[in-house]
Structure formats: C-alpha cells, structure tokens
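Tertiary structure, described
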Amino acid sequence: MRNAVWLLLSVILLLSFATARTGAGENHDFPPEVQDREKRQLLGQTLMVTTIMQKPFIMAKPTGGFEGFCIDLLQLLAERLKFRYEINLVKDGFYGRKLQNGRWNGMLGELINEEADIAIAPLTITRMREETFGFTRPFMSVGISILMRKDSNSQGTSLFQFLSPFSAETWLGLLIAYVLTCFCLFLAARLSPNEWSEPEVESSRFSLLDSFWFGVGALTLQGVEPHPRALSTRVIGTIWWLFVIVFLVAYTTSFAASLNAETQRPVIKSFDDLAKQSEIEYGTVYGGSTFAFFKDSKILTYSKIYETMSSKGDSVLARTTNEGVQRVLSSNYAFIGESSMLDLAVTEYCSLMTIPDLAAVRGYGIATRLGDPLRDNLTLIILELEESGQLHQLKAKWWRSSCSDEDSAGWNPLKVNQIGGTFLFLAIGLSLALVIACIELAVKSRKKADQNKSCCDIFTEELNLRFKRGNEANKKTKT
C-alpha cells in the first residue's frame, strides 16, 4: 500500500514538472535574467545606455555631458517610465554588424554582452538585426535622398515666362472681365441719353469697336478717345481703371517674385532624372550602407547609378558625409546619402537643397535584447510621443534652419480666388452703371411724356430706337 502511494506521488510530481516546462516554452525560452526583468518594475532602475556620437542625434556639450535629439528622447522616456539611466559611448565606435565568427560588434555587441540595456542612436532597423535584437517602433523614418546646390539644379527661363505671374484661370478671368466690361460700356452708351441724345439723326459715340478700344487703352494706362460723358459710362470707366491698376500691380509684384523663384525650381526631381543626365556628377560614401543599397539593387535606375559611381571611383565617391557636403558646396556635384544627414546640411547651408524623391525608406529605432519586455514599454511611450506631436517638435528643434523665410519661401502663380474681390468689385460697378443708364433714359422718357403717350411707352420706343433702328440711323448719318 505504501509503495502504491509513493508511486502516485511520483507521477504527480512528474506531471507538475512537465507542465512547468511547457509554460517556460510559451515564454519563448527567454534567458532567466529576462524573465526576472519581466517581474521587476522599471521604477527606480538604472539602465545602462550605449550610444555613438552623431550630429545632431548625440553631441558632446562644451560643459560636459551629452545633448541632441536622442538625448532629449531618452529623457522623455525616462520621465514617463520612471527610470534612471547612465550613458556610455560605444567602445569600438561602431553601430553594430555581425562578424564572420558570428559575434556582433559595436553597440549591438554590447547589448548581447549585457554591457548595456538599450542602444539609442540613429540605428537603422534591418531584417538581420531584428532577428537577433528587439527594436522599438521607429522614432524617425529616413530614406536615401540627393543633396544639390540650388543654382546647379535650377531651371532656365522659359520663352513664355511673362505669363507665369498669373494662373491660366486668372488669365481667362481677366479676358472675360475685359469683354464683359467693354460690352457693358457699349450698352450704357446706347442707353444713356447724355451719351447719345439724338439717335434719329446722329451716330453713337461708343460703337462696339470703340468700347473695346477704350478697354485696351485702360489696360495700357493710356487714355483714348472718345471719353465718357454720361454718369453711367464714367462709372464703368472708373471701375475698369481701378480694376486694371490692381491687376497691373499684382502682375508686377508676382512677375518679380517669379523671376526670383525661377532658380529654385529643380530640374532634377528624382533618381531617374539624376541617372538620365550627365552634366552633374554624383556619388556617395564609399563602402557605406547607401553604396551597398545601390550595389545590391535590382532596379534599373539604381543599378545605373551604381555603375556610374563605381566607374568613376574616387573622383565621385567620398570618405565621409561631411566631405560629400563640402564637395557639393564647391563644385557641380550631387551627393547621395541618408535624408536625415542631408536635411541637416540644408539647415546649415542655405544654398543647398534636397530632392523630394526618397529611396529605401527605413526607420531608426531603439535596440534592446531580444525578448526583453523593456522594448514594449519603450514602444508604447514612443507611440504616445508621436501622437502628441512631441517627436515632431524634437525634430524641429534639432533641425532648425538658419536660413531666412525668404530663402525657403515658395512661389506660386496668383489664382482667381486670391484676387476674387477685384472681380466682385468690377461686377458690382458694371451692374450699378447699367442701372444708372436705365434711370437716365427713364428720366428723359418722363420729361417727354404727354397726354397721348405714357412714360413707359416712350421708354420702350427709346429702347427700340437705340437698339433696332440705331444702326440704320448711323448708316444714314454716314451716307
């Protein structure tokens, strides 16, 4: 009986041990120190942070310590997760890559060797790295871009540059306004008895052709005959002159701005444009990740860029990013590199620009040991900072441009909605003038009214005479 009891207890112990092993397997076989970390709270912990000097992410303060984008980000993370940290520069000066013996060097090597808890730097998230390390959500997205001088990437003046101050819709609106104004002037001159008093025996001073000629004269700021005499036609003339003055001032200022901004319009807007041209030489840092991207790419445009760079060798390839930037400043040269570094150069040198096209878009993340729950905690805070806009504020702080607003301000042709008030002003003036012309004709009709004919009958006859018989009277007068 005692043996049977001992046998039953042994079976129970074996089953309990197997269950414990299965639970450990569900924890992805994390190392014991990671499981212990999972149970601990970050409150009060001191995390060892490894990093590398890279402007403007991590820089040395003149008074000691560090500053930069990553340092500010680390401070925000520490405030929210309630931990302390100690920053150490990586000993060998490398970001981290897998060596032939299977070991990792740089910051990633220090993570594996437990010399650091996290690595914070412009550390690119790659497939190989994520197989061995845990990366947070990217705190910054970057890609490969092109850095050029503005004057070397400027567009020549076109033959029809004089049309650029206004958009096509604005030019069309001006043409419609001109035709409508001249036609209203023609109508008002016909209606007003002060402009055409005796339609039976004399011709109208403002024919349709005369009205259009008057409009052209105002556009060129030249007075032309005949001059308006009636109140209605003078209102049209005044409104049209004011409208023309506003348009001429807008055209002059916009044309000057377009000539100034013409040099800022890039000819090369993509890697495809760069590969097709031969006037501007281009290169990147030899042996860097950007050079490797073009070397391994199967895309025709990128392969062509690599072949061009490798065929010219040292004449286009730089040893460092700073060397590439200086070469852009001093020669007709385009430098290809990571957008974060090139954007920094643009903020320092107002004569430089980057193209909007990006290749190989990647992200910078914070690295931890694989399976460390610290990664999830950091990711949640990065998401919170991203949603609140604080990450954007940090980038604006450390990538603040030293250039004036005039250097970076863009220019666009004037559109109809920007000067729509002038069209409304013109329309109101034309309507008012036609009403005044009708009132002038009604006053004359009222004076001519007698017992045989009412004012309305005379008004109708005047309209009939001025528009139906007016042309016949003009012909007889000329004969």
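Remember, it's a predicted structure, so these values are computed and weren't measured experimentally.

The next point concerns the layout of surface pockets. In this structure, the largest pocket spans a volume of roughly 1,100 Å³. In terms of lining residues, the largest pocket is bounded by 34 residues, among which Y95, T124, G288, S289 and E338 are the most central. Among the residues forming the lining of the largest pocket, the class breakdown is 13 nonpolar, 14 polar and 7 charged.

This next bit is on the environment of N194. Mapped onto the elements of the fold, N194 is located in the loop between α6 (168–191) and α7 (208–219). In this structure N194 comes out as partly exposed when scored by relative accessible area, which is 48%. A C-alpha to C-alpha distance of 7.0 Å links N194 and R229, two positions 35 residues apart in sequence. Contacts of N194, omitting those with residues within four sequence positions, involve R229, A230 and E440.

A cluster of nonpolar side chains, contributed by L221, L242, I245, V249 and F425, occupies part of the molecular surface with about 460 Å² of accessible area. Among the elements that make up the nonpolar patch, the one with the highest residue count is helix α8 (residues 231–261) (3 residues). Mapping F425 onto the fold places it in helix α17 (residues 420–448). Among the residues examined, F425 registers a relative accessible area of 39% and is labelled partly exposed.

What follows concerns the environment of A334. You can see A334 is positioned in strand β9 (residues 333–338). On the basis of relative accessibility, which here comes to 0%, the residue A334 falls in the buried class. Sequence-wise, A334 and G283 are 51 residues apart; in three dimensions their C-alpha atoms are separated by 6.7 Å. Ignoring anything within four residues of it in the chain, the contact list for A334 reads I146, L147, M148, L274, I280, E281, Y282, G283 and V328.

Axis separation between helix α3 (residues 69–81) and helix α15 (residues 390–398) bottoms out at 10 Å; the angle between their running directions is 150 degrees. It follows from the interaxial angle that α3 and α15 lie roughly antiparallel. Here α3 and α15 pass one another in a crossing that is right-handed. Between α3, through F69, D72, L73, L76 and R80, and α15, the contact on the second element is made entirely by Q390, L391, L394, K395, K397 and W398. Of the residues assigned to the contact of α3 with α15, the class counts are 6 nonpolar, 1 polar and 4 charged.

With that out of the way, let us pick up the packing of aromatic side chains. The geometry of an aromatic ring pair is captured by two quantities: the separation of the ring centres and the angle between the planes. Counted under the stated rule, the structure contains 27 aromatic pairs. Aromatic pair F139 and Y364: ring centres 6.5 Å apart, planes at 45 degrees, arrangement tilted. With F139 in the loop between β6 (133–135) and β7 (140–149) and Y364 in strand β11 (residues 359–364), this pair connects stretches of sequence that are 225 residues apart. Comparing F139 with Y364, the two get one shared label, buried. By the ring-pair criterion, three or more aromatic residues cluster together here, those being F166, W171, Y178, F212, W240, F243, F247, Y251, F255 and F423. Its end group placed over the ring of Y333, R327 keeps NZ or CZ at 5.3 Å from the ring centre. The ring of W399 has K395 sitting right over it, with the charged end atom 5.9 Å from the ring centre.

On inspection of all chains with the given rule, the structure shows 14 salt bridges. With a shortest N-O distance of 3.3 Å, R327 and E323 are connected by a salt bridge. Note that R327 and E323 are positioned in helix α12 (residues 321–330) at a spacing of 4 residues, about one turn of the helix. Among the ionic pairs, E338 bridges to R362, the shortest N-O distance being 3.4 Å. With E338 in strand β9 and R362 in strand β11, the pair connects residues that are 24 residues apart, well separated along the chain. The class for E338 is buried, based on a relative accessible area of 15%. Overlapping salt bridges, with partners in common, bring together K91, E110 and E115 in one network.

Counting buried positions over the 10 residues of helix α13 (residues 339–348) gives 7, a clear majority of the element. Every buried residue of α13 is accounted for by S339, S340, M341, L342, L344, A345 and T347. Those residues of α13 that are buried lie in contact with β7, α12, β9, β10 (352–354), β11 and α15.

What follows covers unusual backbone geometry. For the peptide bond that leads from K55 to P56, omega is 0 degrees, which places it in the cis range. As for its placement among the helices and strands, P56 is situated in the loop between β1 (46–51) and β2 (59–60). The backbone phi angle of K82 is positive, close to 60 degrees, even though this residue is not glycine. For K82, the position within the fold is in the loop between α3 and β4 (84–89). Despite not being glycine, E114 shows a phi value in the positive range, around 60 degrees. Locating E114 in the fold gives a position in the loop between α4 (106–112) and β5 (118–119). Owing to a relative accessible area of 48%, E114 belongs among the partly exposed residues under this scheme.

Helix-helix packing is characterised by the crossing angle of the two axes and by the distance between the axes. At their nearest, the axes of helix α10 (residues 289–296) and helix α11 (residues 300–312) sit 7 Å apart, and the two run at 120 degrees to each other. Handedness of the α10/α11 crossing: left-handed. For the pair α10 and α11, contact is made by F291, F293, F294 and K295 and by Y302, I305, Y306 and M309, respectively. Considered class by class, the residues forming the contact of α10 with α11 number 7 nonpolar, no polar and 1 charged.

Across the sheet, 5 strands lie side by side as β4-β1-β5-β12-β6; this open sheet has mixed pairing. Edge positions in the sheet fall to β4 and β6, since each of these pairs with one other strand and no more. In terms of strand pairing, β1 meets β4 through 6 bridges, oriented parallel. Among the inter-strand pairings, L47 is bridged to a residue of β4, identified as Y85. Sheet strands in contact with α3 are β1, β4 and β5, and its direction is about 155 degrees off that of β4. Running over the sheet, helix α14 (residues 374–388) touches β1, β5, β6 and β12 (367–369) and is turned about 155 degrees from β12.

Parameters at a glance
Throughout, a residue's number is its position along its own chain's written sequence, starting from 1. For a predicted model such as this one, the threshold for reporting local features is a pLDDT of at least 70, and the threshold for listing and counting side-chain atom pairs is 80 or more; totals across whole chains, interfaces and linings nevertheless cover every residue. Only hydrogens and water are set aside; all other atoms, that is, all heavy atoms of the structure, feed into the side-chain values. Think of a 1 Å grid over the protein atoms and nothing else: a 1.4 Å probe that fits but is trapped marks a cavity, an open set flanked by protein within 12 Å on at least five of seven lines marks a pocket, and residues with an atom within 4 Å of a point count as lining. Grid points are joined across faces, edges and corners, and a volume is the space filled by probe spheres set on the points. Only Asp, Glu, Lys and Arg are considered charged, only Ala, Val, Leu, Ile, Met, Phe, Trp, Tyr, Cys and Pro nonpolar, and every remaining residue, Gly among them, polar. The secondary structure listing takes helices from DSSP runs of H or I that are at least 4 residues long and strands from runs of E that are at least 2 residues long, numbered from the N terminus. Working definition: with a 1.4 Å probe on protein chains only, accessible area under 20% of the residue-type maximum means buried, over 50% means exposed, and in between means partly exposed. Residue contacts are counted whenever heavy atoms from the two residues lie within 4.5 Å of one another. Each patch is built from residues that are more than 30% exposed by relative accessible area and take part in no salt bridge. Like charges join if they lie within 9 Å; nonpolar side chains (Val, Leu, Ile, Met, Phe, Trp, Tyr) join within 5 Å. Using a 1.4 Å probe, the Shrake-Rupley method yields the accessible areas, and only the shown protein chains count as cover for residues. Here, a salt bridge means any Lys or Arg side-chain nitrogen found within 4 Å of an Asp or Glu carboxyl oxygen. All axes here are fitted lines through C-alpha atoms, helices being fitted over the stretch that makes contact, and every angle between N-to-C directions spans 0 to 180 degrees. An angle below 35 degrees is read as roughly parallel, one above 145 as roughly antiparallel, one from 65 to 115 as roughly perpendicular, and any other as oblique. Crossing chirality is assigned from the near helix's rotation relative to the far helix, an anticlockwise turn below a right angle marking it left-handed and a clockwise turn marking it right-handed. Stacked, tilted and edge-to-face are the three classes assigned to paired rings of Phe, Tyr and Trp, where Trp is represented by its six-membered ring and a pair needs centres within 6.5 Å; plane angles under 30 degrees give stacked, over 60 edge-to-face, the rest tilted. Two conditions define a charge located above a ring, namely a distance within 6 Å from the ring centre to NZ of Lys or CZ of Arg, and an angle within 35 degrees of the ring normal. Between any two strands, pairing holds if DSSP finds at least two bridges.

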